[in-house]
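Descriptive analysis of the structure
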Amino acid sequence: MRELGILLTEFGRLAGLREIGLMLLGISVVYLECLLTALLSVMPELMSGECLSDHLCLCKERAPLRESEIEWKNHWEEQSKNEPKQMIVLEWLFLTIAPCDAAEPWQLGSQDAATPMMQGIIDLHHDIFFFLILILVFVSRILVRALWHFHYKKNPIPQRIVHGTTIEILRTIFPSIIPMFIAIPSFALLYSMDEVVVDPAITIKAIGHQWYRTYEYSDYNSSDEQSLTFDSYTIPEDDLELGQSRLLEVDNRVVVPAQTHLRIIVTSADVLHSWAVPSLGVKCDAVPGRLNQTSILVQREGVYYGQCSEICGTNHAFMPIVVEAVSRKDYGSRVSNQLIPQTNQIAEA
Amino acid sequence: MQVEEVKTAPIDMRFPGANQARHCYTRYLEYHKCIEAKGKGVPECEKFARYYRSLCPLEWIERWNEQRELGIFPGPV
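Note that the structure is predicted; figures quoted are calculated from it, not measured.

Moving on: the overall build of chain B. Counting its regular elements, chain B contains three helices and zero strands. Listed by position from the N terminus, the elements making up chain B come as α-α-α. Taken along its principal axes, the extent of the C-alpha atoms in chain B is 35 × 30 × 20 Å. For chain B, the proportion of its 77 residues judged to be buried stands at 49%. Partitioning the intrachain contacts of chain B with sequence separation of at least 6 by distance along the chain shows that 53% fall at a separation of at least 24. Summed over all atoms, the accessible surface of chain B reaches about 4500 Å², with 51% contributed by carbon and sulfur. Charged side chains of chain B number 12 positive and 11 negative; the gap between the two group centres comes to 6 Å.

What follows is the structure, given as structure tokens:
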């Protein structure tokens, strides 16, 4: 008991009121972050998911505008005068906060979620981050205090406590409970991925080549030959229009219906590639000889960007993915008006 | 091509994992076995045809069709 008393006194000296204050600070930082995210997700207008090419994003506001950009901005502002006032306010809010479904320069956090899977990943990240901050602040505070107080001049005779059964048991049990709290949401998310809920409505094949992608929509075939197929090449930097993102734009986007269960079959025709779209929470390796299936449900319309995520040669950085989610009503007309002529163009070429 | 009410290949619990290559291959074999048994143009066989066309890349289908024509297809068809 005496030893326990000595131990607790020493522990109290290391982990004083200051330490608790710092821990509370850490907790409040994480709490504020969660609160902000919750607020943003509750306001659907802000999560309209417009792509970089339609609006000036936060990244554009940092650099001073060039003359051509000022011209374009004026043109855009003129157009927006025709909109009702509500939309302007919402768009202005959107501009200042600017969630984009593409990576921003110096971005620290995740891109905004557009599927339940990605939202689950972000929520899990927040759960784990809470415990991470707790442990980080606690351990670093003890470390700093130990280094600070056990100076050879200030404390020439150090304590020589070697054992302390009770505290050793506590400091083993307590850290093993923390991973249990982390594991609960983690396993819940992991197993929810495998749950088969609904048959997919559409199957889209994404085939990787060096160094472009081919998309096949074969649900509409009546024979082996007729297939809605098109290639998706990146737009080179010289051909970019104002507002488009370098290394992220493609000529033919993958058009998918929103609010629909999709099955994406990812494969490759030559070497390993990977089909990754962070906003949709999907990253699926394209292995030649394998048809990797991934299931997504895009919850909101928008344009989502991603990049090849498995080294595949010289132009590995130049074969991005752009998924455009449109409403179910528009999907039919998009496919017949846009994708079928694209297929015919390729067939003729 | 009809775009509106089309169903795609359903989830087949014989192939629960991520790799659906076996699923695609099995549907292809099922179609051709059905054709051999019942003849072309039968609606039940067309169902299998739609399934394998949804799942299999065009490259694979073309290669298998070629192999069948040359008599070198490695499967039981």
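In this section: the state of the cysteines. Within this structure, the stated rule accounts for two disulfides over all chains. In this model B:Cys24 forms its disulfide with B:Cys56; the gap between the sulfur atoms is 2.1 Å. Its S-S torsion of about 120° marks the bond between B:Cys24 and B:Cys56 as right-handed, since a negative value means left-handed. Linking B:Cys24 in helix α1 (residues 21-38) with B:Cys56 in the loop between α2 (43-55) and α3 (58-70), this pair joins segments that are 32 residues apart in sequence. On the basis of relative accessible area, B:Cys24 is assigned to the buried category, the value being 0%. Ordinal numbering of bonded cysteines along chain B defines a disulfide pattern of 1-4, 2-3. With no disulfide of its own, A:Cys312 lies closest to A:Cys308 among cysteine sulfurs, the gap being 3.8 Å.

On the chain B side, the residues contacting the 29 residues of chain A number 30 residues. Together, the buried faces of chain A and chain B total about 2600 Å²; carbon and sulfur atoms form 57% of this surface. Area buried by chain A at its contact with chain B is led by A:Tyr220, A:Asp224 and A:Leu291, which between them contribute 26% of it. Applying the counting rule to chain A against chain B returns zero salt bridges. Across the chain A-chain B interface, the total number found is twelve residue pairs in polar contact (both at pLDDT 80 or more). Of all the secondary structure elements, the ones that give two or more residues to the side of chain A that touches chain B are β1 (202-209), β5 (261-268), β8 (292-297) and α8 (328-348) of chain A.

Right, let's talk about the sheet that holds strand β10 (residues 321-326) of chain A for a bit. Neighbouring strands of a sheet are bound in pairs by backbone hydrogen bonds; such pairs are parallel or else antiparallel. Residue and element names in this part refer to chain A. On the basis of which strands lie adjacent, the open sheet formed by three strands has the order β4-β10-β9 and mixed pairing. Strands at the two margins of the open sheet, each flanked by one partner only, are β4 (254-257) and β9 (302-306). Along the sheet, successive strands turn relative to each other by an average axial angle of 25°, direction set aside. Note: β9 against β10, five bridges, orientation antiparallel. The residue of β10 that forms the bridge with tyrosine 305 is valine 322.

With 30 residues, helix α7 (residues 165-194) of chain A ought to run about 44 Å at 1.5 Å a step, and its terminal C-alpha atoms sit 44 Å apart, in line with that. Those residues of α7(A) lying buried are A:Ile167, A:Ile178 and A:Leu189.

Negative charge collects at one region of the surface, where A:Glu225, A:Asp270, B:Glu59, B:Glu62, B:Glu66 and B:Glu69 lie side by side. Structurally, the position occupied by B:Glu69 is in helix α3. On the accessibility criterion, B:Glu69 (70% relative accessible area) is exposed.

Spatially, the five strands line up as an open sheet ordered β3-β2-β1-β5-β8 (chain A), and their pairing is mixed. Strands with a single pairing partner mark the edges of an open sheet, and in this sheet they are β3 (228-232) and β8 of chain A. Neighbour-to-neighbour, the strand axes of this sheet turn through a mean angle of 25°, independent of strand direction. Sheet topology note: the β1(A)/β5(A) ladder contains seven bridges and is parallel. Within β5(A), the residue paired with A:Ala206 across the bridge is A:Val266. Here α2(B) sits on the sheet and contacts β1 and β5 of chain A; the angle it forms with β1(A), its principal contact strand, is near 40°.

Definitions and limits used
Residues numbered from 1 in each chain as written. Chains lettered and ligands numbered in written order. Predicted model: local features only at pLDDT ≥ 70, side-chain atom pairs only at ≥ 80, totals over all residues. Heavy atoms only, no water. Helix = DSSP H or I, 4+ residues; strand = E, 2+ residues; numbered from the N terminus. Buried < 20%, exposed > 50% of the residue type's maximum accessible area, 1.4 Å probe, protein only. Contact = heavy atoms within 4.5 Å. Areas by Shrake-Rupley, 256 points an atom, 1.4 Å probe, with all protein chains shown as cover. Lys, Arg positive; Asp, Glu negative; His and termini not counted. Charge placed at Lys NZ, Arg CZ, Asp CG, Glu CD. Disulfide = S-S within 2.5 Å. Buried area = accessible area lost by both parts, 1.4 Å probe. Salt bridge = Lys/Arg side-chain N within 4 Å of Asp/Glu carboxyl O. Polar contact = N/O pair within 3.5 Å; in protein donor to acceptor, adjacent residues only side chain to side chain. Pairing = 2+ DSSP bridges. Axes fitted to C-alpha atoms, helices over the stretch in contact; angles between N-to-C directions. Expected span 1.5 Å × (residues − 1). Patch = residues over 30% accessible without salt bridge, like charges linked within 9 Å, V, L, I, M, F, W, Y side chains within 5 Å.

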